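Here's the letter readout for the chains.
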Amino acid sequence: MELSLILGISVIGLLFAVYLIRDVLKRDTGTAQMQEISNAIKQGAEAFLRRQNRTIIYLAIALAALIYILYAFVRAHQQHDPAGQMELALWTTLSFVFGAASSVAAGYMGMWVAIRSNIRTAAGAMRDMNSALQPALRGGAVAGFFVVAMSLLGVAGLFTIVKSAGVVEDISKIPLLIVGYGFGASFVALFAQLGGGIYTKAADVGADLVGKVEAGIPEDDPRNPAVIADLVGDNVGDCAGRGADLFESTAAENIGAMVLAAGLYSANMEYFNQGGLTQLGVLLFPLVARAFGILASIVGILSVKANDKEDPMKALNRGYYVTSALAIVGFYIASYWLLGPQYYFNFFIAGVIGVLTSLAFVFITQYYTEYKYRPVKSIAEASQTGPATNIISGIAVGMESTALPVLTIAVALISSYFLGQSSGLQHAGLFGTAVATMGMLGTAAYILAMDTFGPITDNAGGIVEMSQQTHEVRERTDRLDSVGNTTKALTKGYAVGSAALAAFLLFSAYIDEIKMYTNTTDVVINLNKPEVFVGALFGAMLVFLFSSMAIKAVGKAAYAIINNVREQFRNNPGIMLGTTKPDYGQCVDIATKSALRQMVAPGLLVVLMPIATGLVFRWIYYASGKPAFGASGAEVVGGFLMVGTIAGILMALFLNNGGGAWDNAKKYIETGMYGGKRSDSHKASVVGDTVGDPFKDTAGPSLHVLIKLLSTITLVLAPLFL
């Protein structure tokens, strides 16, 4: 029954996404001039994604072949393996391929709708606020429901197939066979987020520095040759990239929670049997809880309405609160049903803690990135004395912004662990943290809708300005664009928070997996061992090196675009006079080629470094005769994963919040503060915003994926390091 419920609700989520697509596509598409601009964005985005996906598919096929070879021919079969050597190789590889394909599909579907929602939002703004708000949110919600429903459908479907095929007798071993699904999703997400982030920020930096600072023209002025590339970038970075990011989050965490659920059942088999609770029900509890989150998000999306007088952010927040409340109800039902009336309550509260943690991250991120509050105002004030003080203040705010989120994570982890430990079940502390993670992800469909809302409204504003609509229409899209900037920042905070909880969940699943493969009851990652300490240093170093490569990639791509824009202005004076059109296609092509070329090296670094670390230290361990004081490859990779995760969380918070604060400090000055637009303060804030662009939209979001990719790599390849 549990599997049927999960699969059924997943299908309902997909059908609701189809309903939203029909609702959005039947709306007005505006004037012929608006359609011309929208079509240019559409063509650029689809061309980039086709080329990017082709590159990712080639890399994924090569990695799938490597996984199969390592499992089938390099690694020796062990008695505690969940299946035979060839079966283990086959199912791990198949699940990797399926996860990669699903992630590509989810990212593409979200972007496909977004690039068709932007013009409907722009056309709706010609009537009233609600007519613009609804297609933007519903277009964004398509991505949310496709991502969450497909991740559930994929994990539950793979589980059903393996169970029906009779590959293993003990169904608790099935999650070990399908962990590749999360790895495949993470692998695609890293390249999608990284490539899209490089593209969008290279175009944005090029458009801002030459257009705003040098030429003194507005942001979406049609005279700027980079403006179409900039609008395309919003879709490939914030829609396709973020869709793949959250898809891998939900997929990896579903499987990680199932691994811990298997351990919980085996430690408390007698209690569960006495209560008439099945092993299947306990294993699928995380998926059932997540399925109820889909239903909660449907109601939340349908409840959002606004008028011209109301702040659109209030309408979106109202829908989020409805979703959160219903997700809590769903957790109560799932906990009582599948964990039994005697011990369910502690786990229900752990789920509530997860939901509240997501709310806390939303508010903390809002405090550090909205210009209503002290941090952003302090950066704007510092801009009065030039770009240097703006950048100093922005870096300080970014560093400060790591404190409250870390305290929030600490409270969530410790309280949910304590609730699990005090539930009355044996070894239930880690499962309590898994339930908190599931709670935080319970609203993922609505959160992703809010995230994709941002680039849709940004594109709508660009279409309205480029087609020279009235001031009233532009005012509506400006309000939505401002809200969209806030929702993008909030969802990045949510993504980091969920990544942090998920990383602990997946690290715990890694330890449980080592226990299952070695049939031991205790696995310790001891940083006092030199090899483990060195592995931990490698993990922290990877975060800094990857961030450097991602930021430099934006700089290199932006350099080419800046030169092209300057050249077009110099060679064609009619552009600035408005008598001739710039060649938008040149900038789109430059950004596409640069992003695809620059994304490969940092992406492969993240994938290959933990594998190389585990294999090298495994060889050292066995070559030295397995000394008692030595560390196996699995232990060294555990240290790599632990410290790499911690460094990744802190760096992502710094980059995301610092970049978001710089962006909104510029917008605060543009409201008329400290001299307003074209003042020296404004020019300084544009420089700060340009520095922050690759922080918040390239390196920062890519680190969310890196954190979870490290976990899924180690989950899939852990047997190779033993």
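Here, every reference points to the structure presented above.
Quantities reported herein were computed from a predicted structural model and do not represent experimental measurements. (Residues numbered from 1 in each chain as written. Predicted model: local features only at pLDDT ≥ 70, side-chain atom pairs only at ≥ 80, totals over all residues. Heavy atoms only, no water.)

Colleague: Go over the overall build of the protein with me, naming the residues and quoting the values.
Modeller: Summing up its helical and strand segments, the protein has 22 helices and zero strands in all. Scaling as 2.2 N^0.38, a compact globule of 722 residues should have a C-alpha radius of gyration of about 27 Å, and the protein matches this with 25 Å. Taken over the C-alpha atoms alone, the protein extends approximately 75 × 55 × 45 Å along its principal axes. Split into buried and exposed, the 722 residues of the protein put 66% on the buried side. When contacts within the protein are restricted to residue pairs at least 6 apart in sequence, long-range pairs at least 24 apart make up 85% of them. Accessible area of the protein: about 23600 Å², with a carbon and sulfur share of 63%. For the protein, the distance from the average position of its 49 positive side-chain charges to the average position of its 50 negative side-chain charges is 3 Å. (Helix = DSSP H or I, 4+ residues; strand = E, 2+ residues; numbered from the N terminus. Rg over C-alpha atoms; globule rule 2.2 N^0.38 Å. Buried < 20%, exposed > 50% of the residue type's maximum accessible area, 1.4 Å probe, protein only. Contact = heavy atoms within 4.5 Å. Areas by Shrake-Rupley, 256 points an atom, 1.4 Å probe, with all protein chains shown as cover. Lys, Arg positive; Asp, Glu negative; His and termini not counted. Charge placed at Lys NZ, Arg CZ, Asp CG, Glu CD.)

Colleague: Could you give an account of the packing of aromatic side chains, with specific residues and numbers?
Modeller: Counted under the stated rule, the structure contains 28 aromatic pairs. Geometrically, the ring pair formed by Phe96 and Phe187 is tilted, given 6.0 Å between the ring centres and 55 degrees between the ring planes. Of this pair, Phe96 sits in helix α3 (residues 85-124) while Phe187 is found in helix α6 (residues 180-215), placing the two residues 91 residues apart along the sequence. For Phe96, a relative accessible area of 0% puts it in the buried group. (Phe/Tyr/Trp six-rings, centres within 6.5 Å; stacked < 30°, edge-to-face > 60°.)

Colleague: Can you lay out the nonpolar core for me, pointing to particular residues and giving the numbers?
Modeller: Ranked by internal contacts, the top residues of the largest apolar core, which has 256 residues, are Phe145, Phe159, Tyr199, Ile228, Leu316, Phe431 and Tyr510. By residue number, the principal contributor to this core is helix α7 (residues 227-267), which donates 22 residues. Those residues within four positions of Leu316 in sequence are excluded, and the remaining contacts are Leu133, Leu137, Val304, Tyr446, Met450, Phe453, Val483 and Thr487. (Core = buried A, V, L, I, M, F, W, Y, C linked by side-chain atoms within 4.5 Å.)

Colleague: I'd like a description of the pattern of salt bridges, backed by residues and values.
Modeller: Evaluated as defined, the whole model comprises 22 salt bridges. Across the pair Glu400 and Arg374 runs a salt bridge, and its minimum N-O distance is 2.6 Å. Residue Glu400 is found in helix α13 (residues 387-400), and its partner Arg374 is found in helix α12 (residues 374-382); the two are separated by 26 residues along the sequence. Its relative accessible area of 44% is what places Arg374 among the partly exposed residues. Note that Lys696 and Asp697 form a salt bridge whose closest N and O atoms lie 2.7 Å from each other. Asp697 shares its class with Lys696; the two are buried. (Salt bridge = Lys/Arg side-chain N within 4 Å of Asp/Glu carboxyl O.)

Colleague: An account of the side chain of Thr93 is requested, with residue identities and associated values reported.
Modeller: Here Thr93 lies in helix α3. Assessed through its relative accessible area of 11%, Thr93 is described here as buried. Once you skip the residues sitting within four places of it in the chain, Thr93 turns out to touch Ala64, Ile67 and Tyr68.

Colleague: Could you give an account of the packing of helix α18 (residues 530-571) against helix α20 (residues 584-623), naming the residues involved and the relevant values?
Modeller: Interhelical geometry of α18 versus α20 gives an angle of 170 degrees and a closest axis separation of 9 Å. It follows from the interaxial angle that α18 and α20 lie roughly antiparallel. Each residue belonging to the contact of α18 with α20 can be placed in one class, and the counts come to 21 nonpolar, six polar and two charged. (Axes fitted to C-alpha atoms, helices over the stretch in contact; angles between N-to-C directions. Parallel < 35°, antiparallel > 145°, perpendicular 65-115°, else oblique. Nonpolar A, V, L, I, M, F, W, Y, C, P; charged D, E, K, R; others polar.)

Colleague: Go over a nonpolar patch on the surface, please, and point to the residues and values.
Modeller: On the surface, Leu527, Phe533, Val534, Leu537, Phe538, Met541 and Leu545 cluster together into a nonpolar patch covering about 560 Å² of accessible area. Along the polypeptide, Phe538 turns up in helix α18. (Patch = residues over 30% accessible without salt bridge, like charges linked within 9 Å, V, L, I, M, F, W, Y side chains within 5 Å.)

Colleague: Account for unusual backbone geometry, with residues named and values stated.
Modeller: Negative phi characterises most residues that are not glycine, and trans characterises most peptide bonds. The phi angle at His427 is positive, at roughly 50 degrees, despite the residue not being glycine. When you line up the elements, His427 lands in the loop between α14 (403-421) and α15 (429-440). A positive phi angle is found at Lys626, which is not glycine, with a value near 50 degrees. Mapped onto the elements, Lys626 comes out in the loop between α20 and α21 (633-670). On the basis of relative accessible area, Lys626 is assigned to the partly exposed category, the value being 46%.

Colleague: Outline the packing of helix α16 (residues 444-466) against helix α17 (residues 471-518), listing residues and values.
Modeller: As a packed pair, α16 and α17 sit with axes 7 Å apart at the nearest point and diverge in direction by 145 degrees. The handedness of the crossing between α16 and α17 is left-handed. Of the residues in the contact of α16 with α17, the class split is eleven nonpolar, eight polar and six charged. (Left-handed = near helix turned anticlockwise from the far one by under 90°.)

Colleague: Kindly report on the environment of Leu709, identifying the contributing residues and their values.
Modeller: With respect to the helices and strands, the residue Leu709 is situated in helix α22 (residues 680-721). Residue Leu709 is classed as buried on the basis of its relative accessible area of 0%. Remark: the alpha-carbon pair of Leu709 and Gly182, spanning 527 residues in sequence, is separated by 8.4 Å. With residues near it in sequence (within four places) discarded, Leu709 still touches Phe183, Ser186, Phe187, Leu190, Val606 and Val607.

Colleague: Residues and numbers for α14, please.
Modeller: A rise of 1.5 Å per residue sets the reference length of α14, with its 19 residues, at 27 Å; its end C-alpha atoms lie 27 Å apart and thus fit the reference within 8%. Those residues of α14 lying buried are Pro405, Thr408, Ile409, Ala412, Leu413, Ser416, Leu419 and Gly420. Buried residues in α14, looked at end-on, bunch into an arc of 135 degrees, giving them a common side. In α14, the exposed positions that point more than 90 degrees away from the buried face belong to Leu407, Val411, Ile414 and Phe418. Contact partners of the buried residues in α14: α11 (344-369), α15, α17 and α21. (Expected span 1.5 Å × (residues − 1). Arc of directions from axis to C-beta.)

Colleague: Could you give an account of the environment of Gly84, with specific residues and numbers?
Modeller: With respect to the secondary-structure elements, Gly84 resides in the loop between α2 (32-74) and α3. Measuring from C-alpha to C-alpha, the distance between Gly84 and Lys314 comes to 55 Å, with 230 residues separating the pair along the chain.

Colleague: Got a sec to walk through the environment of Leu615? Specific residues and values, please.
Modeller: On the secondary structure map, Leu615 appears in helix α20. Since its relative accessible area comes to 34%, Leu615 is described here as partly exposed. The sequence separation of Leu615 and Ala661 amounts to 46 residues, and the corresponding C-alpha distance is 42 Å. When residues no more than four places from it in sequence are discounted, the contact partners of Leu615 are Leu720 and Phe721.

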